[in-house]
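Architecture and fold: a report
Given next are the chains, with one letter for each unit.
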Amino acid sequence: YRTVDNSGGGVGDHGTHVVGTLTGNSLDGENSEYNGLAYEAKVAFMDIGRGDSGYVTTPTNIASQHYDFAYAAGARVHTDSWGTTDRFYDVTARQVDVYAWRNREWVSVFPAGNTGNEGFS
C-alpha cells in the first residue's frame, strides 16, 4: 500500500471496490460465487485519492510516479480506475503506451464509462 498525499482514504473508497471486484476471495469458502476475477492474485495498492475529498491526484509521470512501484512489487496487470472527460490521445495515454512497450509483460486497464452516463471514460 502506498498513498500519494499521505492522507490515506476511506476503506470504502472506489479503489477498494475495484480491487475487491478483481481480487476478492471468500474466506469461508461458502461464498465463492462472490470471488473476484483473479481471487488468488496479490495486490500492490496505490491510493491516489485526496483524503475524503472525492478527488484524485493523477501522476504527471505515470512511469516513475506510479507504475515503477507496482512493477517492483511484482505487478504485471495494473488498473487505473479514474475517469476523464478528454476524448483525445494525450500525454498520459502516450506514457501508458510507452511503458507497456518497454515492459512487454505489462498491461494497464482503464475503465470504460467511469464518468457515469456521459458515454466515455
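What comes next is a walk through the structure. Note that the coordinates shown come from a computational prediction; the quantities given were computed from them, not determined experimentally. (Residues numbered from 1 in each chain as written. Predicted model: local features only at pLDDT ≥ 70, side-chain atom pairs only at ≥ 80, totals over all residues. Heavy atoms only, no water.)

Looking at the overall build of the protein
So the rule is basically this: Strands here are runs of E lasting at least two residues and helices are runs of H or I lasting at least four, both read from the DSSP assignment and numbered beginning at the N terminus. Throughout, exposure labels follow a simple rule: accessible area from a 1.4 Å probe, protein chains only, divided by the maximum for the residue type, with under 20% read as buried, over 50% as exposed, and the rest as partly exposed. In this description, contact between two residues means that some pair of their heavy atoms is separated by no more than 4.5 Å. Only the protein chains shown count as cover for residues, and the accessible areas themselves come from Shrake-Rupley with a 1.4 Å probe.
Regarding its fold elements, the protein presents three helices and four strands. Traced from its N-terminal end to its C-terminal end, the protein shows the element sequence β-α-β-α-β-α-β. Among the 121 residues that make up the protein, the fraction classed as buried is 24%. For the protein, restricting intrachain contacts to residue pairs at least 6 apart in sequence, the fraction spanning at least 24 positions comes to 63%. Per element, the accessible surface of the protein, about 8200 Å² overall, is 52% carbon and sulfur.

Some thoughts on the nonpolar core
The condition that has to hold: What makes a nonpolar core is a set of buried Ala, Val, Leu, Ile, Met, Phe, Trp, Tyr and Cys residues whose side-chain atoms join them at distances within 4.5 Å.
Grouped together as the largest cluster of nonpolar side chains are 10 residues: Met46, Ile48, Ile62, Tyr67, Ala70, Ala75, Trp82, Val96, Tyr99 and Trp106. Element by element, the count of residues in this core is highest for helix α2 (residues 62-72), at three residues.

A closer look at the side chain of histidine 78
Counted only if it meets this: For the purposes of these results, a polar contact is taken to be a pair of N or O atoms within 3.5 Å, where, inside protein, one atom must be able to donate a hydrogen and its partner to accept one; residues adjacent in sequence count only when each atom of the pair is a side-chain atom.
Among the secondary structure elements, histidine 78 is positioned in strand β3 (residues 77-79). Judged by relative accessible area, which is 6%, histidine 78 ranks as buried. Side chain to side chain, histidine 78 and aspartate 80 meet in a polar contact 3.1 Å long.

Digging into the packing of aromatic side chains
Heads up, the rule is: Two rings from Phe, Tyr or Trp (for Trp, the six-membered ring) form a pair when their centres sit within 6.5 Å of each other. Planes less than 30 degrees apart are called stacked, planes more than 60 degrees apart edge-to-face, and all others tilted. Comment: the charge-over-ring label is applied if NZ (Lys) or CZ (Arg) is within 6 Å of the ring centre and within 35 degrees of the ring normal.
Evaluation of the coordinates by the stated rule reveals five aromatic pairs. Measuring from centroid to centroid gives 6.5 Å for tyrosine 71 and tyrosine 99, while their planes differ by 80°, and the two rings are edge-to-face. Residue tyrosine 71 is located in helix α2, and its partner tyrosine 99 is located in helix α3 (residues 91-102); the two are separated by 28 residues in the primary sequence. A relative accessible area of 6% places tyrosine 99 in the buried class. When the centroid spacing of 5.2 Å and the interplanar angle of 75° are considered together, the rings of tyrosine 99 and tryptophan 106 count as edge-to-face. Side by side, tyrosine 99 and tryptophan 106 carry an identical accessibility label, which is buried. Taken together, the aromatic side chains of Tyr67, Tyr71, Tyr99 and Trp106 make up a single cluster linked through ring pairs. The lysine or arginine in question, arginine 76, covers the ring of tyrosine 71, its NZ or CZ lying 3.6 Å from the ring centre. The cationic tip of arginine 104 hangs over the ring face of tryptophan 101; the distance from NZ or CZ to the ring centre is 3.5 Å.

Some thoughts on the pattern of salt bridges
What counts is decided by this rule: Every case where a carboxyl oxygen of Asp or Glu lies within 4 Å of a side-chain nitrogen of Lys or Arg is listed as a salt bridge.
In the structure shown here, the tally under the stated rule is one salt bridge. Note that arginine 76 is salt-bridged to glutamate 105, the shortest N-O span being 3.9 Å. With arginine 76 in the loop between α2 and β3 and glutamate 105 in the loop between α3 and β4 (107-109), the pair connects residues that are 29 residues apart, well separated along the chain.

Description of the environment of asparagine 61
Turning to its location among the elements, asparagine 61 is positioned in the loop between β2 (46-47) and α2. For asparagine 61, a relative accessible area of 33% gives the class partly exposed. Along the sequence, asparagine 61 and valine 91 sit 30 residues apart, while their C-alpha atoms lie 9.2 Å from each other. Among residues more than four places away in sequence, those in contact with asparagine 61 are His66 and Gln95. Side-chain polar atoms of asparagine 61 contact the backbone nitrogen of alanine 63, separated by 3.1 Å. Separated by 3.1 Å, the side chain of asparagine 61 and the backbone nitrogen of serine 64 make a polar contact.

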